[in-house]
Amino acid sequence: MRQISYSTLEKRFQSQAGLASLDSTDKFFFKNNLNSRAREAWGRADWPELVSIASLPLSDTAQGVKSTSANSFDVLDVYDKHPYSERNARKLTYLILEGRVVMNSNYPGDTIHVLKKSEFVEYNEDSTNIPAFLENYLTSAILSDFFRGDGQHDVASRENSRAENFLLLEMEKAEKHQNQNRFTVTNYNNLNQQPIIYQTT
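My aim in this report is to walk through the structure given alongside it, one point at a time. Since we're looking at a predicted model, the values are computed, not measured.

## Digging into the overall build of the chain
Thought 1: When you go through the chain residue by residue, the secondary structure sums to four helices and eleven strands.
Thought 2: Sorting the 201 residues of the chain into buried and exposed places 40% on the buried side.
Thought 3: Excluding contacts between residues fewer than 6 apart, the proportion of contacts in the chain whose partners are at least 24 apart in sequence is 75%.
Thought 4: Surface exposure of the chain reaches about 11900 Å², of which carbon and sulfur atoms provide 45%.

Spelled out as structure tokens, the structure:
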């Protein structure tokens, strides 16, 4: 994935905002709105650049089920085999409980393969890993917030529309990419599957 640095995006914002320099208030504004807008974009689509496969071990639990350890990423799908390399990979039924992927105890394997989305981590002045596909969106979105704060509501509205169009264009590209690279899987339906029951006190 192509990435850009925090400083590159900050300089682009400064230039398009027509600011000779950024004082401490401007820098605080930029950082705050960058993370707010980036987090929002993160959740708008399952961006291919942010999605990967992880192989996770399963352990037996006191509740009589199998589960992974706790994770902080978003789980999109679970498979019995690596879906990119195994043509007969099967999609599995699962639950998420306290960050753990939970399987029924009668699932025969001791490993699952999880299609996961990277967790959003806030950016700071040292960041060099901002996704380049969000550059145009973030620049226009932060400019929109800047103009709105400056009382230029018409300009802010136009810039926000530009930002949304940039994001929709990238979402369309992401959808096409997913359709072109979609793999075929078989759903795993265990006819003897028992309900998972958790005891709470």
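## A short note on the packing of aromatic side chains
In this description, a pair of aromatic rings is defined by centroid distance and the angle of the planes.
Thought 1: Tallying each qualifying case throughout the model produces nine aromatic pairs.
Thought 2: Geometrically, the ring pair formed by F29 and F146 is edge-to-face, given 6.0 Å between the ring centres and 65° between the ring planes. Of the two residues, F29 is situated in helix α2 (residues 24–42) and F146 in helix α3 (residues 135–149); the sequence distance between them amounts to 117 residues. F146 carries the same exposure label as F29, and that label is buried.
Thought 3: Between W42 and F120, the ring centres sit 5.2 Å apart and the planes meet at 70°, which makes this aromatic pair edge-to-face. Pair noted here: W42 is in helix α2 and F120 is in the loop between β9 (111–117) and β10 (130–131), with a separation of 78 residues, a long-range link.
Thought 4: Overall, the relative accessible area of 10% leaves W42 in the buried class.
Thought 5: Ring pairs connect the aromatic residues Y6, F13, F29, F30, F146 and F147, which therefore count as one cluster.
Thought 6: The side chain of K116 reaches across the aromatic face of F73, ending 5.0 Å from its centre.

## Describing helix α1 (residues 6–17)
Thought 1: If you check α1, its first and last C-alpha atoms are 16 Å apart, about what twelve residues at 1.5 Å a residue would give, namely 16 Å.
Thought 2: Those residues of α1 that are buried lie in contact with β1 (3–4), α2, β10 and α3.
Thought 3: Looking at the residues trailing α1, positive phi occurs at G18, about 75°.

## Let's talk about the sheet that holds strand β3 (residues 59–60)
Two pairing modes exist for strands in a sheet, parallel and antiparallel, and in both the strands are linked by backbone hydrogen bonds.
Thought 1: The antiparallel open sheet is built from four strands, whose spatial order is β3-β4-β8-β7. Bordering the open sheet on either side are β3 and β7 (95–97), each of which pairs with just one other strand.
Thought 2: For β3 and strand β4 (residues 66–67), the ladder comprises two bridges, and the chain directions are antiparallel. Its bridge partner being in β4, D60 is matched across the sheet by K66.

## Quick word on the pairing of β9
Thought 1: Counting buried positions over the seven residues of β9 gives six, a clear majority of the element.
Thought 2: Sheet analysis places strand β2 (residues 51–57) next to β9, joined by seven bridges and oriented antiparallel. Each residue of the ladder has a partner; that of P57, found in β9, is T111.
Thought 3: By the bridge criterion, five bridges tie strand β5 (residues 74–79) to β9 in an arrangement that is antiparallel. By the bridge assignment for β9, D77 is matched with L115.

## Points about the packing of α2 against α3
Thought 1: In the contact formed by α2 and α3, the axes pass within 9 Å of each other and the chain directions differ by 125°. Of the possible angle classes, the one that applies to α2 and α3 is oblique. Crossing angle aside, the handedness with which α2 passes α3 is right-handed. Taking contact as the criterion, the partners of F29, F30, N33, L34, R37, A38, E40 and A41 in α2 are, on α3, Y137, L138, A141, I142, S144, D145 and F146.
Thought 2: Of the residues belonging to the contact of α2 with α3, the class tally is ten nonpolar, two polar and three charged.

Definitions and cut-offs
- Residues numbered from 1 in each chain as written.
- Predicted model: local features only at pLDDT ≥ 70, side-chain atom pairs only at ≥ 80, totals over all residues.
- Heavy atoms only, no water.
- Helix = DSSP H or I, 4+ residues; strand = E, 2+ residues; numbered from the N terminus.
- Buried < 20%, exposed > 50% of the residue type's maximum accessible area, 1.4 Å probe, protein only.
- Contact = heavy atoms within 4.5 Å.
- Areas by Shrake-Rupley, 256 points an atom, 1.4 Å probe, with all protein chains shown as cover.
- Phe/Tyr/Trp six-rings, centres within 6.5 Å; stacked < 30°, edge-to-face > 60°.
- Lys NZ or Arg CZ within 6 Å of the ring centre and 35° of its normal.
- Expected span 1.5 Å × (residues − 1).
- Pairing = 2+ DSSP bridges.
- Axes fitted to C-alpha atoms, helices over the stretch in contact; angles between N-to-C directions.
- Parallel < 35°, antiparallel > 145°, perpendicular 65-115°, else oblique.
- Left-handed = near helix turned anticlockwise from the far one by under 90°.
- Nonpolar A, V, L, I, M, F, W, Y, C, P; charged D, E, K, R; others polar.

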